[in-house]
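If you want the building blocks of each chain, they are given just below.
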Amino acid sequence: MGALDGRRVLLVIGGGIAAYKALDLIRRLRERGAAVRCVLTKGAQEFVTPLAAAALSGQRAHTDLFDRADEADIGHIKLARDADAVVVAPATANTLARMAGGHAPDLASTVLLATTLPILIAPAMNVRMWLHPATQRNLALLKGDGVAVVGPNVGRMAEAETGPGRMAEPDEIADAVEALLGGAPEEKPLSGRHLLVTSGPTHEPIDPVRYLANRSSGKQGHAIAAAAAAAGARVTLVSGPVTLPDPPGVAVVRVETAREMLEAVEAALPADIAVFAAAVADWRPAAFGDQKIKKGPEGPPPLALTENPDILATIARRTEGRPPLVVGFAAETTDVIAHARAKIARKGCDLIVANDVSAATGVMGGDRNSVHLIGRDGSLETWPTMGKDEVARRLVARLGQHAASP
Ligand code: CTP
């Protein structure tokens, strides 16, 4: 049984090299049980054919606003209504601009203007087009209209440039569709729960232009937030500075420093489950000046540090308003399990996810993770190396079991 059983997705395929991935998306959505009907823009047809979309979806693909056969058969208004969600993948800069401006010169944009269904867009475009203020402005308008967004991811692009602009992978988009639509209640182990996640590094200012930071990318924490939302939780993600897109369906609070993170976490309580995945800086510069520190004949300035609050320990040790399930992470480079066990006791959490972050493992900033799950009762489980998304899904499933047992 698929998580999208009985669901109908209208997939609008935009014109871009990522259109070929939209064909794979049709397959992934169908594997999860969804029925998929496609609309291709004129640009999309430069990259993939309506025939390919029809063959993969098992339904006729639509292309023209003024196709008499089409209008007699289903019509653009019916297309806009006869589904449970509309997914736009790839969503080009032009499609975003049309959607934000309410323009409807072709079938795809007309359907998008006529629909009242939930819409998910998977942007894909050149880095500079993505970062252009006009695109970002359109994106903000669309988010304000309630459009859900997945991606874009950071990576190498067709033009050999690197940066944000790559369309999210088909499985990520299918996950986002699941999060948007929700499954049957029994597939939502965290429905009705509030889950709080911290993610990313913190930046601790030295002066107005310099800061102390670490190599955390936020990938694991963000993946947990996304997986928890897909599992039906209301999710608050408190994130340090990262370059990742906001996970769909998650309330994101952005912070810079450890002290701001603690404040945001406290403001987000109460929560049923709190997962502290952030790589919080243990120390911050003791003094912060308003002026840039200048080079001088006296040589480099001493960098005196002072300790940051321990967010996990502060929350886990609360006597009032402690989330019933508090999960910490342990980033270690030696004696992973022994150190992680000591951390559970020291910080007072219920469960710890321990990982080896030595440079050779590539975990910090990478896409894969090898973790051990250690319980307060001394239990130990070692998971095989897998993608951070998979770690997140498994962890969330585990949290669902904890949350279900009294
Ligand atoms: N943590 C936190 N606030 C801090 C430091 C850490 O909330 N100021 C949380 C992390 O989010 C993680 C856990 O504590 O869940 C362990 O973080 P880690 O960096 O592994 O441990 P440290 O407390 O920094 O201990 P050590 O430096 O000894 O490894």
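Residues numbered from 1 in each chain as written. Predicted model: local features only at pLDDT ≥ 70, side-chain atom pairs only at ≥ 80, totals over all residues. Heavy atoms only, no water.

1. Here we look at the site of the ligand
Item 1. As a matter of local geometry, the ligand sits amid 15 residues, with Phe276, Ala278, Phe329, Lys343 and Lys347 nearest to it.
Item 2. At 2.8 Å from an oxygen atom of the ligand is found a main-chain nitrogen or oxygen belonging to alanine 331.
Item 3. A distance of 2.6 Å separates an oxygen atom of the ligand from a polar side-chain atom of lysine 343.
Item 4. For the ligand, whose accessible area on its own is 570 Å², the fraction buried by protein is 80%.
Item 5. The cavity where the ligand resides is the second largest pocket.
Item 6. Broken down by secondary-structure element, the contributors of at least two residues to the shell around the ligand are helix 12 (311–316), strand 16 (325–332) and helix 13 (336–347).
Item 7. If one sorts the elements of the shell around the ligand by residue count, strand 16 sits on top with four residues. (Near = heavy atom within 4 Å. Polar contact = N/O pair within 3.5 Å; in protein donor to acceptor, adjacent residues only side chain to side chain. Areas by Shrake-Rupley, 256 points an atom, 1.4 Å probe, with all protein chains shown as cover. 1 Å grid on protein atoms, 1.4 Å probe; cavity = no way out; pocket = protein on both sides within 12 Å on 5 of 7 lines; lining within 4 Å. Sits in = over half its atoms within 2 Å of the grid points. Helix = DSSP H or I, 4+ residues; strand = E, 2+ residues; numbered from the N terminus.)

2. Some thoughts on the packing of helix 5 (residues 93–101) against helix 8 (residues 133–144)
Item 1. The contact between helix 5 and helix 8 brings their axes to 9 Å, and the two run at 50°. It follows from the interaxial angle that helix 5 and helix 8 lie oblique. At the point where helix 5 passes helix 8, the crossing takes the left-handed sense. Each of Ala93, Leu96, Ala97, Met99 and Ala100 in helix 5 lies in contact with helix 8, whose residues at this interface are Thr135, Asn138, Leu141 and Leu142.
Item 2. Residue classes in the contact of helix 5 with helix 8 are distributed as seven nonpolar, two polar and no charged. (Axes fitted to C-alpha atoms, helices over the stretch in contact; angles between N-to-C directions. Parallel < 35°, antiparallel > 145°, perpendicular 65-115°, else oblique. Left-handed = near helix turned anticlockwise from the far one by under 90°. Contact = heavy atoms within 4.5 Å. Nonpolar A, V, L, I, M, F, W, Y, C, P; charged D, E, K, R; others polar.)

3. With respect to the pairing of strand 1 (residues 8–13)
Item 1. In terms of burial, strand 1 is a largely internal element, five of the six residues being buried.
Item 2. As defined by bridge partners, strand 1 adjoins strand 2 (residues 35–40) across six bridges and the pair is classed as parallel. By the bridge assignment for strand 2, valine 12 is matched with valine 39.
Item 3. Handedness of the crossover joining strand 1 and strand 2 through helix 1 (residues 19–31): right-handed.
Item 4. Strand direction decides the pairing type here: strand 1 and strand 3 (residues 85–91), joined by four bridges, are parallel. Considered in strand 3, the bridge of valine 9 is made with alanine 85. (Buried < 20%, exposed > 50% of the residue type's maximum accessible area, 1.4 Å probe, protein only. Pairing = 2+ DSSP bridges. Right-handed = clockwise from strand over helix to strand, strands pointing away.)

4. Considering the domain arrangement of the protein chain
Item 1. We note that the domain assignment places domain 1 (8–181) and domain 2 (194–404) within the protein chain.
Item 2. Using only C-alpha atoms to locate each centre, domain 1 and domain 2 end up separated by 34 Å.
Item 3. Across the boundary between the two partners, domain 1 contributes nine residues, which contact seven residues of domain 2.
Item 4. Contact between domain 1 and domain 2 buries roughly 620 Å² in total, counting both sides, with carbon and sulfur atoms accounting for 54%.
Item 5. Inspection of the region where domain 1 meets domain 2 yields one salt bridge.
Item 6. Between arginine 393 and aspartate 175 there is a salt bridge, with the nearest N and O atoms lying 3.0 Å from each other.
Item 7. Between the two partners, domain 1 and domain 2, sit one residue pair in polar contact (both at pLDDT 80 or more).
Item 8. In terms of residues, the side of domain 1 that touches domain 2 owes the most to one element, helix 9 (residues 170–181), which gives four residues.
Item 9. Looking at side-chain class alone, the side of domain 1 that touches domain 2 contains five nonpolar, one polar and three charged residues. (Domains from an automatic or database assignment. Buried area = accessible area lost by both parts, 1.4 Å probe. Salt bridge = Lys/Arg side-chain N within 4 Å of Asp/Glu carboxyl O.)

5. What about the environment of lysine 78?
Item 1. Turning to its location among the elements, lysine 78 is positioned in helix 4 (residues 76–81).
Item 2. The class of lysine 78 is partly exposed, set by a relative accessible area of 44%.
Item 3. With 37 residues separating them along the chain, lysine 78 and threonine 115 place their C-alpha atoms 9.1 Å apart.

6. Quick notes on the layout of surface pockets
A probe as big as a water molecule, rolled over the atoms, marks out the empty space that is left.
Item 1. Volume-wise, the largest pocket comes out at about 1200 Å³.
Item 2. Every residue lining the largest pocket is counted, 43 residues in all, and those nearest its centre are Glu172, Asp175, Ala223, Ala226 and Asp389.
Item 3. Sorting the residues of the lining of the largest pocket by element identifies strand 6 (153–156), helix 9, helix 10 (219–230) and helix 14 (388–404) as the ones contributing at least two each.
Item 4. Looking at the lining of the largest pocket residue by residue, the class counts come to 21 nonpolar, eight polar and 14 charged.
Item 5. Both domain 1 (8–181) and domain 2 (194–404) contribute no fewer than three residues apiece to the lining of the largest pocket.
Item 6. Surrounding the second largest pocket, 41 residues form its lining, Ala278, Ala279, Val280, Asp282 and Ala331 being those nearest its centre.
Item 7. Those elements that provide at least two residues to the lining of the second largest pocket are strand 8 (194–199), helix 10, strand 15 (305–307), helix 12, strand 16 and helix 13.
Item 8. Here the residues of the lining of the second largest pocket are counted per class, giving 19 nonpolar, 13 polar and nine charged. (Points joined across faces, edges and corners; volume = space filled by probe spheres on them.)

7. Some details on a nonpolar patch on the surface
Item 1. Taken together, the side chains of Ile17, Tyr20 and Phe47 present a nonpolar region at the surface, about 340 Å² in accessible area.
Item 2. Within the element layout of this structure, tyrosine 20 appears in helix 1.
Item 3. By relative accessible area, which is 53% here, tyrosine 20 ends up exposed. (Patch = residues over 30% accessible without salt bridge, like charges linked within 9 Å, V, L, I, M, F, W, Y side chains within 5 Å.)

8. Here we look at the UniProt feature "binding site: CTP" (unreviewed entry) in the protein chain
Item 1. Taken from the UniProt record, the annotation "binding site: CTP" (unreviewed entry) applies to Asp282, Lys292, Pro309, Asp310, Ile311, Leu312, Phe329, Lys343 and Lys347. The annotated residues occupy 66 residues of the chain and do not converge on a single region, their most distant C-alpha atoms lying 37.2 Å apart. Here, the second largest pocket is lined by Asp282, Pro309, Asp310, Ile311, Leu312, Phe329, Lys343 and Lys347 out of the annotated residues.
Item 2. When you line up the elements, aspartate 310 lands in the loop between strand 15 and helix 12.
Item 3. Assessed through its relative accessible area of 4%, isoleucine 311 is described here as buried.
Item 4. Discounting chain neighbours no more than four positions away, the residues touching isoleucine 311 are Ala258, Met261, Leu262, Val265, Phe276 and Val280. (UniProt positions renumbered as here; feature names shortened; annotations may be inferred.)

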